[in-house]
Amino acid sequence: MKLNKEEYDKFHRKPLQVQQAQELLASYGKPGLTEQIPLQESHGRYLAEEVKAPHPFPRFRRSGMDGYAVRSGDTLGCSSDQMVWLDVIDEIPCGSVSDHEITAGTAVRIMTGAQVPEGADAVVMLEMTELREYEGRTQLGLKRKIEEGKNVTPIGFEVQEEEILLRPGRRIQAGEISVLASFGVHQVTVYQKPRIAIFSTGSELLTVDEPLQPGKIRNSNTYMLASQVREAGGEPFILEAVMDDLLLAKAKVEKAMQEYDAVVTSGGVSVGDYDIMGDFVRSDSVDMLYNKIAMRPGSVTTAAVKDGKLLFALSGNPGACFVGFELFVRPFIQRVMGCDKPYLTEWTAVLEQDYTKVNAFTRFVRGRVEARDGMLYAIPAKVDESSVMVTIKDSDCLIVIPPTKSVTSAGEKVKILLLKGNTL
Ligand SMILES: Nc1nc2c(c(=O)[nH]1)N[C@H]1C(S)=C(S)[C@@H](COP(=O)(O)OP(=O)(O)OC[C@H]3O[C@@H](n4cnc5c(N)ncnc54)[C@H](O)[C@@H]3O)O[C@H]1N2
Ligand code: MOO
Ligand SMILES: [Mg+2]
């Protein structure tokens, strides 16, 4: 049977390597618009501004102990036989400053975190002191010499004035929040979250709250994708699933591509009679970037562009849909959010058991990573077919099995891509 042009295009797809496809997509995902948000809402966002220290930190000489601020010179030569007695002339709780300058023979009671007064150059711990009342004055007794600088944190010990603390593209987590709070940055300039439209295609799909019907399944990809969008940092918008009807899908996808920063669909990208997303990307509505990737699952993963906006048409098979998102959509979202390392973190691990499937394409096998005796082990999921949904939840990495004609043996080193909590 001779194929007409349309059939030929549908069946003869030119596969791109994963990296080629990622490079192709990279030119579309650039850090987007910025916005100012309150510090307490900035966790997980990416900084769009450089943050410099407006003052040194600490800003004043800080006591590291509850005790007495003294002049170390006054303690020279003191011992248990020959105690030194200093007049206690003031008390400084944390948050207060003393008007008194410490002169020879005097000391000030001070608390942890308080500003060490002028003249003092050391703080002696409370436990190392004695007190007495002497001729109407309170006196501090010391038995041991105190070194200059003891228990005093100098100005700028952590940070010098004008030092660059955080650069654009830095992910804001607890440590960064602490820095921003310390320097009074209560409004943070970050990149806006990309708004990602999600819809599934398939006349077999029911919503999660619908009872099952013959031949139908519940739409799980939409919700899984929304969760992946959120985990990647984007804002998901779940649109109603589309029946396998090209005109309907065309209208919905075109509208969504105008309204959102990117559109992610699942299903209908293979060669079946009702695989309408495959037909859509080959139409004049969009420019197809690719419709085959040399990978499994997800070989039919497709992408197209219109007016600079991306359409990610992922496979309907849940395993392939999940992997397609992690390899292609996630980096896009991360890049738009200002992240300069948008791809999944790659580690090397030892394959725990034989992986027997062979393939001409690279496999991204879901699995678990375990650390034992200083080694990382990659454990493939028991079932990892593209159509299998249930083992996605048990996986924290994708094990990369390059094209091979033979078994990949236990003990071999393999690359793994980290999934959950992938924030390194
Ligand atoms: N003759 C060929 N058949 C197939 C090929 C091929 O090359 N030649 N490729 C296979 C591969 S590989 C995959 S992957 C699938 C891709 O299928 P589609 O992307 O076209 O997706 P659908 O046909 O719409 O659905 C596939 C499967 O996934 C289920 N599905 C779809 N949407 C959802 C959803 N939102 N939630 C849960 N499950 C969903 C759907 O019911 C099907 O079971 O094609 C192979 N076939
Ligand atoms: O290439 Mo399909 O996406 O494996 O299962
Ligand atoms: Mg199909």
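This text goes with the structure placed above it.
Fair warning: this is a prediction, and the values are worked out from it, not measured in the lab.

### So, the site of ligand 1
Okay, step 1: By nearness alone, 23 residues border ligand 1, and Glu 204, Asn 219, Gly 268, Ser 270 and Gly 316 come closest of all.
Okay, step 2: For ligand 1, a nitrogen atom lies 3.1 Å from a polar atom in the backbone of Ser 220.
Okay, step 3: Taking Asn 221, its main chain carries an N or O atom lying 3.2 Å from a nitrogen atom of ligand 1.
Okay, step 4: Look at ligand 1: alone it shows 880 Å² of surface, and the protein chains cover 68% of it.

### Considerations on the pairing of strand β5 (residues 84-92)
If a strand is regular, its side chains alternate between the two faces of the sheet.
Okay, step 1: Bridge analysis of β5 against strand β9 (residues 137-142) gives 4 bridges, and the strand direction is antiparallel. By the bridge assignment, Val 84 is partnered in β9 with Leu 142.
Okay, step 2: As paired elements, β5 and strand β6 (residues 106-110) share 5 bridges and run parallel to each other. Following the sheet pairing, Val 88 is matched in β6 by Ala 107.

### Here's the deal with the sheet that holds strand β8 (residues 129-134)
Okay, step 1: One open sheet accounts for 6 strands, arranged β7-β4-β6-β5-β9-β8; its pairing is mixed. Each edge of the open sheet carries a strand with a single partner, namely β7 (122-125) and β8. For this sheet, the mean inter-axis angle between neighbouring strands, taken without regard to orientation, is 40 degrees.

Cut-off values and rules
- Every chain begins its residue count from 1, and numbering advances along the sequence as written.
- Chains carry letters from A onward and ligands carry numbers from 1 onward, assigned in written order.
- Selection of residues for local features in this predicted model requires a pLDDT of at least 70, selection of side-chain atom pairs for listing and counting requires 80 or more, and totals for whole chains, interfaces and linings are taken over all residues.
- Hydrogens and water molecules were not included; the side-chain quantities draw on all heavy atoms of the structure.
- Here a residue is near a molecule or strand as soon as one of its heavy atoms is found within 4 Å of it.
- Counted as a polar contact is a pair of N or O atoms within 3.5 Å, where, for protein atoms, one must be capable of donating a hydrogen and the other of accepting one, and residues adjacent in sequence contribute only when both atoms are in side chains.
- In this description, accessible areas are obtained by the Shrake-Rupley approach with a 1.4 Å probe, and a residue is regarded as covered only by the protein chains that are shown.
- Two strands are said to pair when DSSP picks up at least two bridges between them.
- Secondary structure elements follow DSSP: runs of H or I no shorter than four residues count as helices, runs of E no shorter than two count as strands, and numbering proceeds from the N terminus.
- A fitted line through C-alpha atoms represents every axis, and for helices the fit uses only the stretch in contact; the resulting angles, taken between N-to-C directions, go from 0 to 180 degrees.

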